[in-house]
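# Analysis of the macromolecular model
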Amino acid sequence: MIAKRCLNIKPSPIREVFNLANSNSINLGIGEPDFKTPEYIIEAAKRALDEGKTHYSPNNGIPELREAISEKLKKDYNIEVSCDNIMITCGASEGLMLAILSLVDRGDVAIVKEHTFVSYNSLINLAEGQVKAISLNEEFEFDVEELKEMIDKRTKLIIYNSPSNPTGKVYDKETVKAISEIAEDYNLIIISDEVYDKIVYEKKHYSPLQFTDRAILVNSFSKTYAMTGWRVGYLAVPEELNNELNLIDNFIKIHQYSFACATTFAQYGALEALKRDDFVNKMVKEFKRRRNLIYKGLKDIFNVYKPDGTFYIYPDVSEYGDSLEVAKKLIENNILCVPSIAFGNSNKYIRFSFATKYEDIEKAIEIIKELF
Ligand SMILES: Cc1ncc(COP(=O)(O)O)c(C=O)c1O
């Protein structure tokens, strides 16, 4: 009875692993900031509720928020996208879904990285497309020539994510430029998931939209402002690409019949969020302190890349068993983590999140040192 498209997608393996956890566990599996949404944002949403902003908003979101995002893209990255080419979504999750469902036909190919955020492959499967994964080296770099060789007439998309979940990798300007050129030369579209754009340490974040019009920006308020439960995100499409494909109108068709709009009063909170950078700066300073702690603790035990962004660290644990075995051992010893099979086909890595208290990370490192 259940439709094939649904049978084609599997529940996230992250859930299975977490079922083994108990109440004493130290949670290094978490995918969201452990900070509270800043008070000034909460106050703005409360004001919106008091003012009766409790009805549907326009399908594409409140104009003030789309305008503020357009200004912010210009100010932060010198990216020009008019507010008409921006739409508000229920988090980046919906943004990804709209972009993929609007572009992928049965049999179309999307190229993703070997270690990749859980949603991409499932959404491509839901659209009856095919995933091709590009391999990553120890530094999580990919070979641009290999990428070119993977492209054939069914290839439509590159799904790109930097700063990257689960690896913590931030790609440099040359790589971002190179994939932007590939999109132009091969007439592909990049779906650029930039939800961690503000969570970077030593490196600078670059967006493909700075180098090409053949990219769709997916972003959200979830990570930058600790607003995961608010479900507000956005899609931005360069004018030239939108003129060619009428993307925003097509996104809105699906959005209108499924979500209608993002929660109206939450959009007013998001509008307020964009007015200040002090919260994210403070949060990133603390994440950096924790990144240094966890990297120092893990580097003598595992082969591990020092993350330049996000709040994830992704050691190669293959010396001690496959990722599922190592994850089970850690979870049985009260450390929640995610094995790399959740992020693709690799069974060699573990993702630890450092979006958790400094003292808990210290305790976890002691346990890991004893176990391995
Ligand atoms: C790379 C990446 N993209 C998108 C999302 C989804 O974000 P949102 O809460 O905005 O739906 C996440 C959440 O973990 C993520 O890690």
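Residues numbered from 1 in each chain as written. Predicted model: local features only at pLDDT ≥ 70, side-chain atom pairs only at ≥ 80, totals over all residues. Heavy atoms only, no water.

Glancing now at a nonpolar patch on the surface. Judged by side-chain polarity, Met 1, Ile 2 and Leu 7 come together as a nonpolar surface patch covering roughly 460 Å² of accessible area. Structurally, the position occupied by Met 1 is in the segment before helix 1 (4–7). (Patch = residues over 30% accessible without salt bridge, like charges linked within 9 Å, V, L, I, M, F, W, Y side chains within 5 Å. Areas by Shrake-Rupley, 256 points an atom, 1.4 Å probe, with all protein chains shown as cover. Salt bridge = Lys/Arg side-chain N within 4 Å of Asp/Glu carboxyl O. Helix = DSSP H or I, 4+ residues; strand = E, 2+ residues; numbered from the N terminus.)

Many authors give the size of an interface as the accessible area that is lost as the parts come together. Taken domain by domain, the protein chain holds domain 1 (4–30 + 278–371) and domain 2 (55–273). Across the boundary between the two partners, domain 1 contributes 29 residues, which contact 29 residues of domain 2. Summing both sides of the interface, domain 1 and domain 2 together bury roughly 2700 Å²; the carbon and sulfur share of this comes to 62%. Area buried by domain 1 at its contact with domain 2 is led by Tyr 305, Asp 308 and Thr 310, which between them contribute 25% of it. (Domains from an automatic or database assignment. Contact = heavy atoms within 4.5 Å. Buried area = accessible area lost by both parts, 1.4 Å probe.)

Our focus in this paragraph is the sheet that holds strand 9 (residues 312–313). The 3 strands are arranged 9-12-11 in an open sheet whose pairing can be described as antiparallel. Sheet topology places strand 9 and strand 11 (338–339) at the edges, where each strand pairs with a single neighbour. Sheet topology places strand 9 next to strand 12 (residues 350–353); 2 bridges connect them, and they run antiparallel. Bridge pairing in strand 12 links Ile 313 to Phe 352. (Pairing = 2+ DSSP bridges.)

Here we come to the side chain of Asp 108. Along the chain, Asp 108 turns up in the loop between helix 5 (91–103) and strand 3 (109–113). Residue Asp 108 is classed as buried on the basis of its relative accessible area, which comes to 7%. If we ignore the near neighbours within four places in the chain, the residues touching Asp 108 are Leu 103, Gly 129, Gln 130, Arg 154 and Lys 156. (Buried < 20%, exposed > 50% of the residue type's maximum accessible area, 1.4 Å probe, protein only.)

This part is about the pattern of salt bridges. Inspection of every chain in the model, using the stated rule, returns 26 salt bridges. The closest approach of N and O atoms between Asp 316 and Lys 348, which form a salt bridge, is 3.9 Å. Taken together, the residues span a long stretch of sequence, with Asp 316 in the loop between strand 9 and helix 13 (323–332) and Lys 348 in the loop between strand 11 and strand 12 at a distance of 32 residues. Among the residues examined, Asp 316 registers a relative accessible area of 13% and is labelled buried. For Lys 348, a relative accessible area of 40% puts it in the partly exposed group. The partner of Lys 363 in a salt bridge is Asp 360, and the shortest N-O contact between them spans 3.6 Å.

Residues annotated in UniProt with the feature "domain: Aminotransferase class I/classII large" (unreviewed entry) correspond here to residues 25–368. For residues 25–368, the end-to-end C-alpha separation is 13 Å, with 41% helix and 14% strand making up the annotated structure. (UniProt positions renumbered as here; feature names shortened; annotations may be inferred.)

A few words now on the site of the ligand. Lining the immediate surroundings of the ligand are 14 residues, of which Ala 92, Ser 93, Asp 193, Lys 223 and Arg 231 lie closest. Interatomic distance of 2.7 Å between a side-chain N/O atom of Tyr 196 and an oxygen atom of the ligand. Contacts to the ligand include Ser 220, whose side-chain N or O atom sits 2.7 Å from an oxygen atom. Class assignment for the residues of the shell around the ligand results in 5 nonpolar, 6 polar and 3 charged. (Near = heavy atom within 4 Å. Polar contact = N/O pair within 3.5 Å; in protein donor to acceptor, adjacent residues only side chain to side chain. Nonpolar A, V, L, I, M, F, W, Y, C, P; charged D, E, K, R; others polar.)

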